[in-house]
Amino acid sequence: MILLETNNLTRAYDGVIAVNKVNFIVEEGLITGLIGPNGAGKTTLFNNMTGLDTPTEGKVFFDNKDITGRPANVINRLGISRTFQNIRLFKDLSVIENVMVGRHFKGHNIGGFLGAINSFLNSRSEERKLYNQAREYLNIFNLDSVKNEKAGSLPYGLQRELEIARALASEPKLLFLDEPAAGMNPQETDILMSIIRKIRDMKISVVLIEHDMKLIMNICDSITVLNYGEKIAHGTALEIQNNPAVIEAYLGKDYSGGIH
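First, a word on what this report is: a plain description of the structure on this page. (Residues numbered from 1 in each chain as written. Predicted model: local features only at pLDDT ≥ 70, side-chain atom pairs only at ≥ 80, totals over all residues. Heavy atoms only, no water.)

**Details of the overall build of the protein**
Threshold: Here a helix means four or more residues in a row that DSSP labels H or I, a strand means two or more in a row labelled E, and each is numbered from the N terminus. Burial here depends on accessible area, computed with a 1.4 Å probe over protein chains only, as a share of the maximum for the residue type. Under 20% is buried, over 50% is exposed, and the range in between is partly exposed. The contact rule is simple, with two residues in contact once any of their heavy atoms fall within 4.5 Å. Residue-level accessible areas treat just the shown protein chains as cover; the underlying method is Shrake-Rupley with a 1.4 Å probe.
Broken down by element type, the protein carries ten helices and eleven strands. Within the protein, the proportion of its 260 residues that are buried is 50%. Across the protein, contacts joining residues at least 24 apart in sequence account for 65% of those joining residues at least 6 apart. Accessible surface, the protein as shown: approximately 12300 Å² in total, 48% of it carbon and sulfur.

This is the structure we're talking about:
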């Protein structure tokens with residue numbers, strides 16, 4: 001079943017076309033990869049599907065609803081959450097407070113969150129409820145032992161995991177991960193692969209942008225490739241590895257092997 005799709009999505013900036021008539025599909029329950037050389041338009045496509053940007057042309061449909069141009073907070077409440085290429089934690093808040101913020105966005109807007117600060121001062125029961133729910137998400141990532149530490153003090157790999165935990169706290173149907181393995185060492189990347197599989201087992205569909213080809217080829221059910229803003233291939237890992245257009249985009253037309 002198709003959970004999300006774009007129809008000829010185009011985004012131009014002052015005449016420069018960053019994404020050109022891209023048809024992109026996310027199947028429910030699967031891990032979908034989005035790859036391409038630097039500047040291919042991957043993050044621009046992400047932003048136009050998650051409400052951080054608005055397409056110049058084309059449509060975005062999620063769960064049979066037209067969400068084109070809707071703001072990010074509305075799209076989040078509909079069931080789409082995301083992380084970012086550059087970590088965007090509240091670094092002066094504790095680990096658990098970061099996840100509590102994410103949990104509060106389940107069914108609330110930013111104004112509601114400001115109201116929740118007052119609630120924290122006046123309602124111990126509300127605070128305790130959010131606290132206990134947040135700990136459930138920390139336990140998925142084995143972060144409960146550092147729940148009271150400042151988010152900014154965590155090692156880089158744990159900050160990445162915390163950002164994913166915060167995104168999950170809003171109970172999305174679809175999770176977008178923008179280069180989640182960036183800056184990670186091989187051991188941290190292996191842990192990340194296990195986490196992404198666990199998220200899929202929670203019946204949450206996943207889309208990820210990633211430059212780590214080992215991660216992409218080992219974990220994705222299907223992969224879409226962009227180059228210069230255009231979709232040049234879609235298929236399984238094996239099909240993508242041996243696709244001549246993909247090989248040329250990454251390695252040059254004279255390269256005779258596949259992508260590994």
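**Structural notes on the sheet that holds strand 11 (residues 230-235)**
This is how it is decided: Pairing between strands is defined by DSSP: at least two bridges between them are needed. Comment: axis = line fitted to C-alpha atoms, over the contacting stretch for helices; angle = value between 0 and 180 degrees taken between N-to-C directions.
Pairing is mixed across the open sheet formed by six strands, whose spatial order is 7-8-9-4-10-11. Pairing within the sheet leaves two strands with one partner each, and these edge strands are strand 7 (80-82) and strand 11. Neighbouring strand axes in the sheet, compared pairwise and without regard to direction, differ in orientation by 20° on average. Here strand 7 pairs with strand 8 (residues 174-178) via three bridges, running parallel. Bridging from a neighbouring strand, Arg82 pairs with Phe176 of strand 8. Its contacts with the sheet place helix 7 (residues 186-201) against strand 4 (31-35), strand 8 and strand 9 (205-209), and it is angled at close to 150° to strand 9.

**A closer look at unusual backbone geometry**
With a phi close to 50°, Asp14 is a non-glycine residue in the positive phi region. Of note, Asp14 is situated in the loop between strand 1 (2-13) and strand 2 (16-22). Of note, the phi angle at Lys21 is positive, near 50°, even though the residue is not glycine. Structurally, the position occupied by Lys21 is in strand 2. A relative accessible area of 55% places Lys21 in the exposed class.

**Remarks on the side chain of Thr50**
Let me state the cut-off plainly: Think of a polar contact as two N or O atoms within 3.5 Å of one another; within protein, one of them needs to be a possible hydrogen donor and the other a possible acceptor, and neighboring residues in sequence only count if both atoms come from side chains.
Residue position: Thr50 is located in helix 1 (residues 42-50). One polar contact links Thr50 to Arg82, side chain to side chain, over a distance of 3.1 Å. Excluding anything up to four places from it in sequence, Thr50 contacts Ala72, Ile75, Ile80, Arg82 and Phe176.

**What about the nonpolar core?**
One broad rule of soluble globular proteins: the nonpolar side chains tend to lie buried together. For clarity, the cut-off: Among buried residues, the Ala, Val, Leu, Ile, Met, Phe, Trp, Tyr and Cys ones that are joined through side-chain atoms within 4.5 Å form a nonpolar core.
Counting residues in each nonpolar core, the largest one holds 49 residues, and the members touching the most others are Leu162, Leu208 and Ile223. By residue number, the principal contributor to this core is helix 5 (residues 124-140), which donates six residues. Look past the residues within four positions of Ile223 in its chain and what remains in contact with it is Gly33, Ile35, Ile216, Met217, Ala233, His234, Gly235, Ala237 and Ile240.

**Let's talk about the pattern of salt bridges**
Put simply, the rule reads: Criterion for a salt bridge: a side-chain nitrogen of Lys or Arg within 4 Å of a carboxyl oxygen of Asp or Glu.
Overall, the coordinates contain seven salt bridges when judged by the stated rule. Across the salt bridge formed by Asp144 and Arg135, the nearest N and O atoms sit 2.6 Å from each other. Asp144 gets classed as buried once you look at its relative accessible area, which sits at 14%. Overall, Arg135 belongs to the partly exposed group, its relative accessible area being 28%.

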